[in-house]
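# A closer look at the structure
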Amino acid sequence: MKVLVTGGAGYIGSTVCSALEDKGHTPVIIDSLITGKEKYVSGRIFYKSDISEKNILKKIFDEHPDISTTIHCAGLIIVPESTSNPYKYYEENLIKSIHLFKNLLNLNKNKLIFSSTASLYKSSNGSMVTEESELAPQSPYAKTKLAIEMVLEDFANAYGLESIALRYFNPIGADPKMRSGPYFENPTHVVGKLIESTNSKNNVFRITGTDWNTRDGTGIRDYIHVWDLAQAHIAAVEYFDKIVNSNTPYNVINLGTGEGTTVLELITAFEEINGLEIIKEKSDARHGDVAGSYTNRDKALKLLKWEPRMSIEQGLADSLKWFNKNNTDYS
Ligand SMILES: NC(=O)c1ccc[n+]([C@@H]2O[C@H](COP(=O)([O-])OP(=O)(O)OC[C@H]3O[C@@H](n4cnc5c(N)ncnc54)[C@H](O)[C@@H]3O)[C@@H](O)[C@H]2O)c1
């Protein structure tokens, strides 16, 4: 199958493209490269454009009428930036997504898979959540994701834009064949910060939030290997018509391992893999932080027939391998 991947030059989109290719599918990428990397689209069908460009979208479908589904990964993702500049996030994530959906409908392309996030959940006490759990997005970033989900549900019911929102928990790792991986410049994610703390002069890892109601007081997350995440997208493409159809035109699926890991447990795993001790410093939780959650994955198993296969240790090891391959300079 041919699949349009928005944001295919990014961390997750590029890994999804590799997984699609490995399963014999053909990704077609649209990405503005606002944060993505040109080398991640090397050798792939690529349109350098904003997702909201109507004429480019038409050109893509004129040139590839056999595209079956769109996987919508494009977006801005830095939570603190969204707090300081919410306009940018509502415009780039929400408004541009609405334009994309309308333009897809005008081209009679009505199958869409959306990159959503577990940060929609209220999850105040580090507990397990299901797709039915209460939502309470804290940051403007997460609010844009919920708003997009609401638009998708309404567009599904009113206009027949069939869609699946995949709520990712915490992706880690890199493509096992090292075709692409996370960015390490000014990392905001915990694994990037761990690697930074072992490779820079200011080599202290700050644990933000140590008073949560979790087993050791640090935040709990459900770290999912990005390659497992990518496999779930392949299943969503292949089982699309069983998951959404005219009776259920919109559906939501959580993607995580089903196991919670605290920040301290993640640090210990990282120290074991790396063979060195991290210098840690405790500090207050940041504005908008939550204790976190992990997911029940019954719905993913039922609808996608998907189960994660890779361990946290593998995710950390692949992140490190990718970092060493790319020689990021933290000096
Ligand atoms: N990485 C995570 O921890 C995480 C967790 C949950 C959900 N998500 C979601 O997954 C998706 C992908 O995340 P990622 O980590 O790969 O981010 P990323 O920054 O690596 O990739 C996003 C890509 O989208 C492109 N892009 C952004 N706005 C665009 C626009 N208007 N037009 C065209 N291209 C545009 C960027 O150039 C980039 O290549 C995002 O929607 C994000 O919200 C990510």
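What comes next is a walk through the structure. (Residues numbered from 1 in each chain as written. Predicted model: local features only at pLDDT ≥ 70, side-chain atom pairs only at ≥ 80, totals over all residues. Heavy atoms only, no water.)

### Focus on the overall build of the chain
When helices and strands are counted, the chain shows 11 helices and 15 strands. Computed over its C-alpha atoms, the radius of gyration of the chain comes to 19 Å, within 12% of the 20 Å expected for a compact globule of 331 residues. Dimensions of the chain, computed from C-alpha atoms along their principal axes, come out at roughly 55 × 40 × 40 Å. Relative to its 331 residues, the chain shows a buried fraction of 54%. Within the chain, counting contacts between residues at least 6 apart in sequence, those at least 24 apart form 79% of the total. For the chain, the accessible area works out to roughly 14,700 Å², and carbon and sulfur atoms hold 47% of it. For the chain, the distance from the average position of its 36 positive side-chain charges to the average position of its 41 negative side-chain charges is 4 Å. (Helix = DSSP H or I, 4+ residues; strand = E, 2+ residues; numbered from the N terminus. Rg over C-alpha atoms; globule rule 2.2 N^0.38 Å. Buried < 20%, exposed > 50% of the residue type's maximum accessible area, 1.4 Å probe, protein only. Contact = heavy atoms within 4.5 Å. Areas by Shrake-Rupley, 256 points an atom, 1.4 Å probe, with all protein chains shown as cover. Lys, Arg positive; Asp, Glu negative; His and termini not counted. Charge placed at Lys NZ, Arg CZ, Asp CG, Glu CD.)

### Brief notes about the layout of surface pockets
There is about 180 Å³ of room inside the second largest pocket. Within the residue set of the lining of the second largest pocket, elements represented by two or more residues are helix 5 (140-159) and strand 12 (250-255). Ranked by the residues each element gives to the lining of the second largest pocket, the list is headed by helix 5, at four residues. For the lining of the second largest pocket, a count of residues per class yields five nonpolar, no polar and six charged. (1 Å grid on protein atoms, 1.4 Å probe; cavity = no way out; pocket = protein on both sides within 12 Å on 5 of 7 lines; lining within 4 Å. Points joined across faces, edges and corners; volume = space filled by probe spheres on them. Nonpolar A, V, L, I, M, F, W, Y, C, P; charged D, E, K, R; others polar.)

### Observations concerning the side chain of E162
Relative to the assigned elements, E162 resides in strand 7 (residues 162-168). There is no salt bridge for the buried E162, and the closest opposite charge comes from K111, which lies 4.7 Å off by N-O distance. (Salt bridge = Lys/Arg side-chain N within 4 Å of Asp/Glu carboxyl O.)

### Observations concerning the site of the ligand
Taken together, 28 residues form the shell around the ligand, and within it I12, D31, Y141, K145 and Y183 come nearest. Between an oxygen atom of the ligand and a side-chain N or O atom of D31, the distance comes to 2.6 Å. D50 is positioned with one of its side-chain polar atoms (N or O) 3.2 Å from a nitrogen atom of the ligand. Notes on the ligand: free accessible area 820 Å², of which the protein chains cover 93%. Listed by contribution, the elements that provide at least two residues to the shell around the ligand are helix 1 (11-22), helix 4 (86-106), strand 5 (111-117) and helix 5. With three residues, strand 5 is the single largest residue contributor to the shell around the ligand. (Near = heavy atom within 4 Å. Polar contact = N/O pair within 3.5 Å; in protein donor to acceptor, adjacent residues only side chain to side chain.)

### Focus on the pattern of salt bridges
One pass over the full model with this rule turns up 19 salt bridges. The partner of E265 in a salt bridge is R215, with the nearest N and O atoms 2.7 Å apart. Residue E265 is located in helix 9 (residues 263-274), and its partner R215 is located in the loop between strand 9 (204-208) and strand 10 (220-221); the two are separated by 50 residues in the primary sequence. Classification of R215 by relative accessible area gives exposed; the value is 56%. Via salt bridges that share partners, D22, D175, K177 and R179 belong to a single interconnected network.

### A word on the sheet that holds strand 3 (residues 45-48)
Taken in spatial order, the seven strands make up an open sheet running 3-2-1-4-5-7-12, and their pairing is parallel. Here the strands that pair on one side only, and so sit at the sheet edges, are strand 3 and strand 12. Between one strand axis and the next, the sheet turns by 20° as a mean value, whatever way the strands run. Across five bridges, strand 1 (residues 2-6) lies against strand 2 (residues 26-31) in parallel orientation. Within strand 2, the residue paired with V5 across the bridge is I29. Helix 4 contacts strand 1, strand 4 (67-72) and strand 5 of the sheet and is inclined by roughly 170° relative to strand 4. Strand contacts of helix 7 (residues 226-238): strand 1, strand 4, strand 5, strand 7 and strand 12, with the helix running at about 165° to strand 7, the strand carrying the most contacts. (Pairing = 2+ DSSP bridges. Axes fitted to C-alpha atoms, helices over the stretch in contact; angles between N-to-C directions.)

### Comments concerning the packing of aromatic side chains
Under the defined criterion, the tally for this structure stands at six aromatic pairs. With centroids separated by 5.0 Å and ring planes inclined at 75°, the aromatic side chains of F155 and Y159 adopt a geometry described as edge-to-face. Here F155 and its partner Y159 are both found in helix 5, four residues apart, which amounts to about one turn of the helix. Accessibility expressed as a relative area gives 53% for Y159, which makes it exposed. The rings of Y40, Y183 and W322 are connected pair by pair, giving a single aromatic cluster. For K305, the ring lying beneath its charged end belongs to Y239, and the centroid distance is 5.1 Å. (Phe/Tyr/Trp six-rings, centres within 6.5 Å; stacked < 30°, edge-to-face > 60°. Lys NZ or Arg CZ within 6 Å of the ring centre and 35° of its normal.)

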